[in-house]
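Here is how the chains run, residue by residue.
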Amino acid sequence: HLQLFVPKGFAHGFSVLDNDTVFAYKCSNLYNKEYEGSIIYNDPTIAVDWQVENPIISEKDQNGVLFRDFVTPFDML
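Procedures and definitions
- Residues numbered from 1 in each chain as written.
- Predicted model: local features only at pLDDT ≥ 70, side-chain atom pairs only at ≥ 80, totals over all residues.
- Heavy atoms only, no water.
- Helix = DSSP H or I, 4+ residues; strand = E, 2+ residues; numbered from the N terminus.
- Buried < 20%, exposed > 50% of the residue type's maximum accessible area, 1.4 Å probe, protein only.
- Lys, Arg positive; Asp, Glu negative; His and termini not counted.
- Salt bridge = Lys/Arg side-chain N within 4 Å of Asp/Glu carboxyl O.
- Polar contact = N/O pair within 3.5 Å; in protein donor to acceptor, adjacent residues only side chain to side chain.
- Contact = heavy atoms within 4.5 Å.
- Patch = residues over 30% accessible without salt bridge, like charges linked within 9 Å, V, L, I, M, F, W, Y side chains within 5 Å.
- Areas by Shrake-Rupley, 256 points an atom, 1.4 Å probe, with all protein chains shown as cover.
- Phe/Tyr/Trp six-rings, centres within 6.5 Å; stacked < 30°, edge-to-face > 60°.

**Q** An account of the side chain of Asp43 is requested, with residue identities and associated values reported.
**A** Tracing the backbone through its elements, the reader meets Asp43 in the segment before helix H1 (59–62). Arg68 provides the closest opposite charge to the buried, unpaired Asp43, separated from it by 6.8 Å. In this structure the side chain of Asp43 is engaged in a polar contact, spanning 2.6 Å, whose partner is the backbone nitrogen of Thr45. A polar side-chain atom of Asp43 sits 3.3 Å from the main-chain amide nitrogen of Ile46. In contact with Asp43, not counting residues within four places along its chain, are Leu66 and Phe67.

As structure tokens, then:
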């Protein structure tokens, strides 16, 4: 029963380490696929240790771009 606030425009990811985990998203607005993007989960620049030997990765996240090539659709000003 915990929540984590991720501000608009921030990249985020998570690794589930327990089989009984339930994860749900809340959005600040209606979902719009046009604004969905993905940085590849194993980007060497970010070098996240996900602590999972054989991760299950969504198709969207498997096709993510490198951090250096990611262009945000959000106005960050």
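**Q** Kindly report on a nonpolar patch on the surface, identifying the contributing residues and their values.
**A** The grouping of Phe14, Val16, Phe23 and Tyr25 at the surface amounts to a nonpolar patch, some 410 Å² of accessible area in total. Here Tyr25 shows up in the segment before H1.

**Q** Would you mind going over the packing of aromatic side chains in detail, with residue names and values included?
**A** The geometry of an aromatic ring pair comes down to the distance between the two centres and the angle between the two planes. By the definition in use, this model includes three aromatic pairs. Where Phe14 meets Phe23, the ring centres are 3.9 Å apart and the plane angle is 15 degrees; that geometry is what we call stacked. Judged by centre distance (5.2 Å) and plane angle (75 degrees), the ring pair of Phe23 and Tyr25 falls under edge-to-face. Judged by its relative accessible area of 44%, Phe23 falls in the partly exposed class. We classify Tyr25 as exposed; its relative accessible area is 53%. In textbook terms, an aromatic cluster arises when at least three aromatic residues are bridged by ring pairs, as seen for Phe14, Phe23 and Tyr25.

Nothing here speaks to function; it is all geometry.
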